[in-house]
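Architecture and fold: a report
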Amino acid sequence: MSSAAHLLLLEDDPAIARTVAYALGREGYTVEQVGLVREAQARLQATPGIELAVLDVGLPDGSGLDLCRELRQQRPALPIVLLTARADETDRVLGLELGADDYIAKPFSPRELVARVRALLRRARLGATAPAAPAPAASLFECDEAAARIRYCGQWLTLTRREFGLLRLLLKTPGRIHSRDALLDAVWGLGADSTDRTVDTHVKTLRAKLREVRADLEVIVTHRGMGYSLELP
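The model shown is predicted, which means the values in this text are computed figures rather than measured ones.

Reading the values: the criteria
- Residues numbered from 1 in each chain as written.
- Predicted model: local features only at pLDDT ≥ 70, side-chain atom pairs only at ≥ 80, totals over all residues.
- Heavy atoms only, no water.
- Phe/Tyr/Trp six-rings, centres within 6.5 Å; stacked < 30°, edge-to-face > 60°.
- Lys NZ or Arg CZ within 6 Å of the ring centre and 35° of its normal.
- Helix = DSSP H or I, 4+ residues; strand = E, 2+ residues; numbered from the N terminus.
- Buried < 20%, exposed > 50% of the residue type's maximum accessible area, 1.4 Å probe, protein only.
- Contact = heavy atoms within 4.5 Å.
- Salt bridge = Lys/Arg side-chain N within 4 Å of Asp/Glu carboxyl O.
- Pairing = 2+ DSSP bridges.
- Axes fitted to C-alpha atoms, helices over the stretch in contact; angles between N-to-C directions.
- Expected span 1.5 Å × (residues − 1).
- Arc of directions from axis to C-beta.
- Polar contact = N/O pair within 3.5 Å; in protein donor to acceptor, adjacent residues only side chain to side chain.

A look at the packing of aromatic side chains
- The final tally for this structure, using the stated rule, is one aromatic pair.
- In this structure, R149 packs its charged tip against the face of W156, placed 3.8 Å from the ring centre.

Here it is in structure tokens:
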């Protein structure tokens, strides 16, 4: 994969912004660096070719979490990495629930950030060319890979990026039990700063959205001590 991708960096600390932009630039990426939420919104609107966004959480004119939520509605397939000085698990889970793909707490290694960005871009580009979900689930589900969306019982679901990734993976292998660790590695990526609780939280919200469409069906099954599977009627 060519590393010549166009990235957005939203970071208001000049020292951190310079360090991160330099590290990403050395990797071959083109970096659009801004320090305010409104600047990031304008840059994203003016540059549709941006392939990934790195967002600081605490900013002078708002929060990277709010921008993350906004981007998930406007550009559901855009990979998002959150940067924050807060290392509390609650903040990490909140960011992931809003649709962030990765979460890095300050202080961090620029090399680690570059590695995570590289992995996210690789998965995003591979996902864009991946085949649709297999036929056995077609009676209930339709997976639109290009638009990163899934239809259930004739209705398009409103999913975060992680919810889409989980349901997409389960759809590919109906009946197969996936452990929480396997789901973390496949959907969040190897070495992601996430826990089993993160998977459980996303499965809970995903189930709620499926029940809104068909309350009489429970297609995601919990296997105690083992993980989750998708069971079709």
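Next, the rest of the story.
Points about the environment of V117
- In this structure, V117 sits in helix α5 (residues 110–128).
- You can call V117 buried: its relative accessible area is 0%.
- Along the primary structure V117 and D102 are separated by 15 residues, whereas in three dimensions their C-alpha atoms are 8.9 Å apart.
- Apart from residues lying up to four places away in sequence, V117 is in contact with L7, L24, Y29, L52 and V54.

Considering the pattern of salt bridges
- Within this structure, the stated rule accounts for 19 salt bridges.
- Measuring nitrogen to oxygen at the nearest pair gives 3.8 Å for the salt bridge that ties R162 to D101. Taken together, the residues span a long stretch of sequence, with R162 in helix α6 (residues 161–172) and D101 in the loop between α4 (89–97) and β7 (102–105) at a distance of 61 residues.
- Judged by its relative accessible area of 1%, D101 falls in the buried class.
- The closest approach of N and O atoms between E218 and R207, which form a salt bridge, is 3.5 Å. Within this pair, whereas E218 is found in the loop between α8 (196–213) and β11 (220–223), its partner R207 is found in helix α8, the two being separated by 11 residues in sequence.
- Here the salt bridges share partners, and the residues they tie into one network are R72, D101, R161 and R162.

A closer look at the sheet that holds strand β8 (residues 141–144)
- Taken in spatial order, the three strands make up an open sheet running β8-β9-β10, and their pairing is antiparallel. Bordering the open sheet on either side are β8 and β10 (155–156), each of which pairs with just one other strand.
- Here four bridges tie β8 to strand β9 (residues 149–152), and the two strands are oriented antiparallel to one another. Along β9, the bridge assignment pairs D144 with R149.

Observations concerning unusual backbone geometry
- The peptide bond linking K106 to P107 adopts the cis configuration, its omega dihedral lying at -5 degrees.
- Of note, P107 is situated in the loop between β7 and α5.
- In this structure, A148 is a non-glycine residue whose phi angle is positive, near 55 degrees.
- Positive phi values are uncommon outside glycine, yet C153 reaches one of about 50 degrees.

Remarks on the sheet that holds strand β3 (residues 52–56)
- Reading across from one edge, β2-β1-β3-β6-β7 is the order of the five strands in this open sheet, with parallel pairing throughout. A strand with exactly one partner marks an edge of an open sheet, and here the two such strands are β2 (30–34) and β7. Within the sheet, the average angular offset between the axes of one strand and its neighbour, ignoring direction, is 15 degrees.
- Bridge analysis of β3 against strand β6 (residues 80–84) gives four bridges, and the strand direction is parallel. Following the sheet pairing, L55 is matched in β6 by L82.
- Contacts between helix α3 (residues 64–74) and the sheet are confined to β1 (6–10), β3 and β6, with β6 contributing the most and set at about 170 degrees to the helix.

A closer look at helix α1 (residues 14–26)
- Here α1 is 13 residues long and its end C-alpha atoms lie 18 Å apart, about the 18 Å a rise of 1.5 Å per residue gives.
- Where α1 is concerned, the buried positions are A17, V20, A23 and L24. Looking straight down α1, one finds its buried side chains confined to an arc of 140 degrees; they lie on one side. Residues R18, Y22 and R26 are exposed on α1 and point more than 90 degrees away from its buried face.
- At the N-terminal boundary of α1, the capping side chain belongs to D13, with an oxygen 3.0 Å from the backbone nitrogen of A15.
- Just downstream of α1 lies G28, where phi reads positive at about 105 degrees.

A closer look at the side chain of R207
- For R207, a relative accessible area of 16% puts it in the buried group.
- Not counting chain neighbours up to four residues away, the residues in contact with R207 comprise E218, I220, V221, T222 and Y228.

Here's the deal with the environment of R69
- Of note, R69 is situated in helix α3.
- Since its relative accessible area comes to 37%, R69 is described here as partly exposed.
- Considered as a pair, R69 and G99 are 30 residues apart in the sequence and their alpha carbons are 6.8 Å apart.

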